[in-house]
Amino acid sequence: TEADYPADWAMTQNNLAVAYSQLPTGDRGENLCKAIAGYEAALRVRTEADYPADWATTQNKLAVAYSQLPTGDRGENLRQAIAGYEAALRVYTEADYPADWAMTQNNLAVAYSQLPTGDRGENLRKAIAGYEAALRVYTEADYPADWAGTQDNLASAYSQLPTGDRGENLCKAIAGYEAALRIRTEADYPADWATTQNNLAVAYSQLPTGDRGENLRKAITGYEAALRVRTEADYPAKWATTQNNLAVAYSDLPTGDRGENLRKAIAGYEAVLRVQNEADHPTKWAGTRWNMALVYRDLGDTTTEAAAWRDAERGYRATGYTDRADTAARHAHALERG
């Protein structure tokens, strides 16, 4: 009990919370709420003054639980996580606990990169600073997997950064993804390898500098590589995302046979719709039908284009995207009028 065996009680509360945080069955939000309650109980005994290392450990775990919590206000949950990580760093210093410090710096950076409130550019700059700090400890030689994961996170932050030179930011992102792939090989880390390949391809597809056709060919190569692991059977949602990205790249490709590129784009979008169907993913389905309408326009197939616009209208209207629905309806009406 807390009264008779406070230290053991706090340790058991912490361990119980860890178990709830990892429980793969039941309601995820409820499990994490129980974990949070356990960590907060443990902190009644595990104070910074009396048990600094245990206090920091529990603060970090509490912050992780808040960062993963799928219920409640996302911004408030992440602010709680940030407060927990920053608290833990009062004990987890780079000098005294380098590995724990690097882990917490990385976790703090992830929270800032996901924070939906405040200044997006400032949040991402804080994330970048955290990742770069973690990499002082997480070296490729000593912590290869952690180093690669942090490189990937840093690259993603640069790819999303809304301030500064867009081309320069994306070049830094590309360098980070390519670095991560030195460790994240298809053989050793197939899922992580596929994620980084997909992210690298997105960066090339958005790169505003250099040869546009060459950039998109590199993007296509990356997406096709990712799909060797991201199969429809094993990773349907991620497979659909990468298929969609690949289709967009083919639709934008300015080199080669334009008709063939557009037909590949249509084939990709049609594949996506096997997963992102109207019943289960009406907004994504509408977006894909919208993209298909644009490709049919380039192909000169007005009848099929009009049908795609009508589908997009239906999907967007059903999910409350009135402006998009109205735009799709206008495009369809203009074609149907002749």
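All figures in this text were calculated on a predicted structure; none of them were measured in a lab.

Novice: Explain the pattern of salt bridges to me, using residue names and the numbers behind them.
Specialist: Per the stated rule, a full pass over the model turns up 23 salt bridges. The partner of glutamate 2 in a salt bridge is arginine 44, with the nearest N and O atoms 2.7 Å apart. Here glutamate 2 is found in the segment before helix H1 (6-22), whereas its partner arginine 44 is found in the loop between helix H2 (28-42) and helix H3 (52-68), with 42 residues between them in sequence. The exposure class assigned to glutamate 2 is partly exposed, which follows from its relative accessible area of 31%. Judged by its relative accessible area of 52%, arginine 44 is exposed. Aspartate 326 is paired through a salt bridge with arginine 317; the nearest N and O atoms lie 3.0 Å apart. For aspartate 326, a relative accessible area of 28% gives the class partly exposed. Through salt bridges that share partners, Arg310, Glu313, Arg317, Asp326 and Glu336 make up one connected network.

Novice: So, the side chain of serine 205: which residues are in play, and what are the values?
Specialist: By the secondary structure assignment, serine 205 is in helix H9 (residues 190-206). Not counting residues up to four positions away in its chain, the partners in contact with serine 205 are Arg212, Leu216, Ala219 and Tyr223.

Novice: Describe the packing of aromatic side chains, and please don't skip the residues or the numbers.
Specialist: Within a pair of aromatic rings, the relevant descriptors are the distance that separates the centres and the angle that separates the planes. Per the stated rule, a full pass over the model turns up 5 aromatic pairs. Seen in terms of ring centroids, tyrosine 92 and tyrosine 97 are 5.6 Å apart; in terms of plane orientation they differ by 55°. Their pairing is tilted. Overall, tyrosine 97 belongs to the partly exposed group, its relative accessible area being 30%. Between tyrosine 138 and tyrosine 143, the aromatic rings sit 5.5 Å apart at their centres with planes inclined by 55°, giving tilted as the arrangement. Judged by relative accessible area, tyrosine 138 falls into the buried class, the value being 8%. For the cation-ring pair, arginine 324 lies above tryptophan 290, with the distance from its terminal atom to the ring centre recorded as 3.7 Å.

Rules of the game
Within each chain, residue numbers correspond to sequence positions counted from 1 in written order. A pLDDT threshold of at least 70 governs which residues receive local features in this predicted model, and a stricter bar of 80 or more applies before side-chain atom pairs are shown or counted, although totals over entire chains, interfaces and linings include all residues. The basis for every side-chain value is the complete set of heavy atoms in the structure, and neither hydrogens nor water enter the calculation. Salt bridges are counted wherever a side-chain nitrogen of Lys or Arg sits within 4 Å of a carboxyl oxygen of Asp or Glu. Each helix corresponds to a stretch of at least 4 residues labelled H or I by DSSP, and each strand to a stretch of at least 2 residues labelled E; elements are numbered beginning at the N terminus. Burial status follows relative accessibility: with a 1.4 Å probe on protein chains alone, a residue under 20% of its type maximum counts as buried, one over 50% as exposed, and anything between as partly exposed. Only heavy atoms matter for contacts: two residues are in contact if any of them lie within 4.5 Å across the pair. To pair, rings of Phe, Tyr and Trp, with the six-membered ring standing in for Trp, must have centres within 6.5 Å; the planes then decide the type, stacked if under 30 degrees apart, edge-to-face if over 60, and tilted in the middle. Two limits define a charge over a ring: the Lys NZ or Arg CZ must be within 6 Å of the ring centre, and within 35 degrees of the ring normal.

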